[in-house]
Amino acid sequence: MTEVGRASRPVRWLAMGWLVLVLAVLAHNLYLWTGNRMQLDTDVLAMLPRDEREPAVQQATQRLADAAGRRIVVLVAGRDWSESRRAADAYAASLEASDLKLALRYRVADDAGEQWLGFFAPYRQHLLTDGQRLQLQTQAPAKLAEQAVQALYRPMGLPRVGRWQDDPLNLYGGWLTERAGASPVRVADGRLSVAQGNTQYALLTLEQQGPAFSVASQRALVPRLKAARQAALAAVPRARVLTVGVPLFAVAAADQAEHEIHTIGMGSLAGIVLITLFAFSAIRPRILVTLSIAVGLLAAISVCTLLFGHLHLITLVFGASLVGVAENYGTNYFSSRLGRPASERWAMLQEQGRVMWLAMLTTAIGYALLALTPFPGLRQIALFSVVGLSAAFVTVLWWFPFLDKGEMPATRFSRWLGSRRAIWPSLGRNRFSVAFALVVCVLLVLGLPRLTANDDIRLLQNPPGQLLADQIQVGRLLDLPSPAQFYLVRGATAEAVLQAEETLKARLMPLQAAGVIRGVQAVSDWVPSAQRQAADAVLVQRVVQGEAGVLALATRQLGEDMPPASSQAVPLLQLNDWLAAPVSEPLRPQWLGRFGEGYASVVLLRGVDKLGDLPKLAAAGTAVPGVRWVDKVGEISELMARYRYRMGYLVLVSYLLVFGALWRRFGRQSWRALLPTALASGLTLALLALLNQPLQLFNVLALLLILGMGVDYGIFLLAQPERTAVRPFLSITLAAVSTLLAFGLLALSATPALRAFGLTMLFGIGLAWLFTPLFMPLSKPED
């Protein structure tokens, strides 16, 4: 690179070698993305250290998520049941006529009730409610016999299944009634329905047959649902249709993301292109800077997938934010190139080489520190960031002079923009410095003490208000259990799991009586353990069927003969038989089956409304062997908090290491390059607090980016601090504007997490750009 007009042979060989590597990276990315071989991991818990992850919890959560990810619930209501039924019939007919593969549950066969009763009838002597069991254990047979006789002549009472002689206390009818009472869903005119006051809704459930969380299948479902809704309204114009389900939330999130990409993304791109044209009067700089960024992202994707075997979605999203950092290198190159003949580009690059290497090194330091944490996710982000920045930097260094052969005269706009550096005051012994220090101190004192943190995972999403309101209303109408908090029950055998469920339910009864929860939904509600069934059968035989039992005493009061006892052994209700029968369909996802070296199930809760009650529910499960309380929202939020703490410490350590790197180049003047960014970061936190914005992980990630970009501004200006130097200030101004357009506009996002990231970048980058010229010396520091 010693010659002015052309590159030396080693540089040409380096450029050619880099071309070969880039082509290999491009081919690898085509292989990954076109063949559907790219494994994007979306599980946030996968970013935890291996010894902190529980595969059982992950698997249980995934099972429940897969089941919910395919299901849509629709409630249709008219002014009366006939209108509700007519509108729902039109809705169902529209769906059945569509080409989608959907499992629709709406109409109920005439013999469905008989099949349901017939399935449990052979096991009636083994099925008791908790209240019935207590009654048989505590009340005298004579008193129970009186109740049996009275019930025989009572016109109103629980529905009776079978002959009175077979079940004088109607234990089976009571057991069935309690099970039916767990759900408000009923059958009316051969259709599923649910009532609320005077309104009777028709209920339809749909289940997609394709893979769960497939965006394509979810998008294909939405227009069919809209058409079905229109059909229902055409049949009954005043009908009300409530449609909820995970697929609808997923589509809403995807639509919102696309809308923001089209508005914010396209707006920022247009702004960046315009300012590039004004500054350089050519599109070539923008094309080459984009090329360097693309090479960096592709190289980072290839290296991470080769070393980790997969790429986490958070890594990809965070890595995309490196666009603003990598842009500094290309923008600095073209700002230095402006107004110089093409023949001087190699000499210019040689002059800028030391400063550009220092800028890249100080930026990479912060990201490299992430690799020292025990979190696999942060390690992957570290590798992605360092590889991406290095590849973008090398592209600028080895390719730009070959691709940038045209002339680039200075434009009137670029000269004007670069000369604005002269209007900046300098800090020193003057009134401005006093006023500046006073304002900064007041903002820091007022803001930082008010700073609070909120790591709630629900901040990552912002569903449409109407969809959320419908979800809440449907959940209350159907009394649906919450999938966010549940108990994972494990045991060496299926029998052990069912017994553990029964023990857990007994511990939850006081909490249910106190109103902490409204109910429990478990497999053992329908299939008691063999131990429980055998004990209940013995109890029924002794108290009801025995020689001095309820049946004998009741028949004696009625003056009838005791019916002969059956000598046929009654079989126990088997779990596998229940799972294979249609009656198990609603609860089937809760039975996880073979689970590691044993078996497992999930116990769900209804009416978990208060966060303050969660510790009580967690404590109820700790005393039961094999039971583990799972609060997915709380666990992921805790994980986000831990990441925030780790990243916060890394930001502080990064400042120390960056200062050390600056010291080798600028010596005692190093503080001038770093302090503006530190002040900008501190004031950003203070402003966020004054705006009542809580601190979360995405704010801290933005602070790391602000350090990487802000210190570059200081390096480029400190290398040429003269007020008359146009190119350095032009370089950092164009880089700052591009970053603000690319990321600062995220402050307009409807997603709280992205808005927090964008707002932090908007304040931090803007203040770093504003402060950096203030701290520059009046003359160039000695090397």
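Now for a description of the structure that goes with this document. (Residues numbered from 1 in each chain as written. Predicted model: local features only at pLDDT ≥ 70, side-chain atom pairs only at ≥ 80, totals over all residues. Heavy atoms only, no water.)

Regarding the overall build of the chain
- Within the chain, the secondary structure is distributed over 27 helices and 13 strands.
- Looking at the 783 residues of the chain, the share that counts as buried comes to 50%.
- Put simply, 82% of the contacts in the chain that link residues at least 6 apart link residues at least 24 apart.
- Carbon and sulfur atoms make up 60% of the accessible area of the chain, which amounts to about 36,200 Å² in all. (Helix = DSSP H or I, 4+ residues; strand = E, 2+ residues; numbered from the N terminus. Buried < 20%, exposed > 50% of the residue type's maximum accessible area, 1.4 Å probe, protein only. Contact = heavy atoms within 4.5 Å. Areas by Shrake-Rupley, 256 points an atom, 1.4 Å probe, with all protein chains shown as cover.)

So, the pattern of salt bridges
- This model, assessed by the stated rule, comprises 19 salt bridges.
- The partner of Arg644 in a salt bridge is Asp455, and the shortest N-O contact between them spans 2.8 Å. You can see Arg644 sitting in helix α23 (residues 632-666) and its partner Asp455 sitting in the loop between α16 (431-447) and α17 (465-478), a full 189 residues away along the chain.
- Exposure remark for Arg644: the relative accessible area of 10% places this residue in the buried category.
- What you see here is one network of salt bridges that share partners, running through Asp89, Arg107 and Arg191. (Salt bridge = Lys/Arg side-chain N within 4 Å of Asp/Glu carboxyl O.)

Brief notes about the packing of aromatic side chains
- Under the definition given, this model contains 24 aromatic pairs.
- Ring plane angle 85° and centroid distance 5.2 Å describe the contact between Trp424 and Trp769, whose orientation is recorded as edge-to-face. In this pair, Trp424 sits in the loop between α15 (412-419) and α16 while Trp769 sits in helix α27 (residues 752-771), placing the two residues 345 residues apart along the sequence.
- A relative accessible area of 12% means that Trp424 is categorised as buried.
- Residue classification places Trp769 among the partly exposed positions, given a relative accessible area of 22%.
- The ring of Tyr599 is capped by Arg594, whose NZ or CZ atom sits 4.7 Å from the centre of that ring.
- Its end group placed over the ring of Tyr645, Arg644 keeps NZ or CZ at 4.8 Å from the ring centre. (Phe/Tyr/Trp six-rings, centres within 6.5 Å; stacked < 30°, edge-to-face > 60°. Lys NZ or Arg CZ within 6 Å of the ring centre and 35° of its normal.)

Remarks on the nonpolar core
- In this structure, Met647, Leu662 and Met761 are the most contacted members of the largest nonpolar core, which totals 93 residues.
- Looking at which element gives the most residues to this core, the answer is helix α25 (residues 697-719), with 18 residues.
- Those residues in contact with Leu662 that sit more than four places away from it in its chain are Leu358, Thr362, Gly667, Ser670, Ala673, Leu674, Val711 and Ile715.
- Membership of the second largest hydrophobic core comes to 39 residues, among which are Trp526, Trp578, Ala581 and Leu614. (Core = buried A, V, L, I, M, F, W, Y, C linked by side-chain atoms within 4.5 Å.)

Remarks on helix α19 (residues 530-545)
- Buried within α19 we find Gln533, Asp536, Ala537, Leu539, Val540, Val543, Val544 and Gln545. Considered in projection along α19, the buried side chains sweep an arc of 170° and stay on one side of the axis. Pointing more than 90 degrees away from the buried face of α19 are the exposed residues Gln531, Val538 and Arg542.
- As for α19, its buried residues are in contact with α5 (130-138), α6 (141-153), α7 (171-181) and α20 (550-558). (Arc of directions from axis to C-beta.)

Regarding the pairing of strand β2 (residues 71-77)
- Most of β2 sits inside the fold, with six of its seven residues counted as buried.
- Sheet topology places β2 next to strand β6 (residues 199-208); six bridges connect them, and they run antiparallel. Across the sheet, Leu75 pairs through a bridge with Leu203, a residue of β6.
- Pairing of β2 with strand β7 (residues 240-244) involves five bridges; the strand directions are antiparallel. Among the inter-strand pairings, Val73 is bridged to a residue of β7, identified as Val244. (Pairing = 2+ DSSP bridges.)

What to know about the packing of helix α24 (residues 671-690) against α25
- Here α24 crosses α25 at 150°, and the two axes come no closer than 8 Å. Between α24 and α25, the angle falls in the class roughly antiparallel. Here α24 runs over α25; the crossing is right-handed. When α24 is examined against α25, the residues Arg672, Ala673, Leu674, Thr677, Ser681, Leu685 and Leu688 are found in contact with a partner set consisting of Asn699, Leu703, Ile706, Leu707, Gly710, Val711, Gly714, Ile715 and Leu718. (Axes fitted to C-alpha atoms, helices over the stretch in contact; angles between N-to-C directions. Parallel < 35°, antiparallel > 145°, perpendicular 65-115°, else oblique. Left-handed = near helix turned anticlockwise from the far one by under 90°.)

Let's talk about the environment of Arg240
- Turning to its location among the elements, Arg240 is positioned in strand β7.
- Using a relative accessible area of 38% as the deciding quantity, one classes Arg240 as partly exposed.
- C-alpha of Arg240 to C-alpha of Gly78: the two residues are 162 residues apart in sequence and 6.4 Å apart in space.
- Discounting chain neighbours no more than four positions away, the residues touching Arg240 are Leu75, Val76, Ala77, Tyr201 and Gln473.

Focus: the pairing of β6
- When you tally the buried positions in β6, you get seven out of ten residues, the bulk of the element.
- Here four bridges tie strand β3 (residues 102-105) to β6, and the two strands are oriented antiparallel to one another. From the neighbouring strand, Arg105 faces β6, where its bridge partner is Thr205.
- By the bridge criterion, four bridges tie strand β5 (residues 191-196) to β6 in an arrangement that is antiparallel. Bridged to Gln196 within β6 is Thr199.

A closer look at unusual backbone geometry
- Of note in this structure, Asp189 is not a glycine but carries a positive phi near 55°.
- Within the secondary structure, Asp189 sits in the loop between β4 (186-188) and β5.
- On the accessibility criterion, Asp189 (46% relative accessible area) is partly exposed.
- For Asp479, which is not glycine, the phi torsion reads 55° and is therefore positive.
- The residue Asp479 is located in the loop between α17 and β9 (482-491) in this model.

Let's talk about a nonpolar patch on the surface
- Together, Met16, Leu19, Leu23, Leu26 and Leu30 make up a nonpolar patch on the protein surface, roughly 440 Å² of accessible area in all.
- For Leu23, the position within the fold is in helix α1 (residues 9-34). (Patch = residues over 30% accessible without salt bridge, like charges linked within 9 Å, V, L, I, M, F, W, Y side chains within 5 Å.)

Considering α15
- Residues of α15 that are buried include every one of Ser414, Leu417 and Gly418, and no others. Down the axis of α15, the buried set is contained in an arc of 95°. They therefore lie on one face.

Remarks on the environment of Ala410
- Take Ala410: it is sitting in the loop between α14 (376-403) and α15.
- Note: C-alpha distance between Ala410 and Phe280 (130 residues apart in sequence) is 7.0 Å.
- Every residue in contact with Ala410, bar those within four places of it in the chain, is listed here: Leu338, Gly339 and Arg415.

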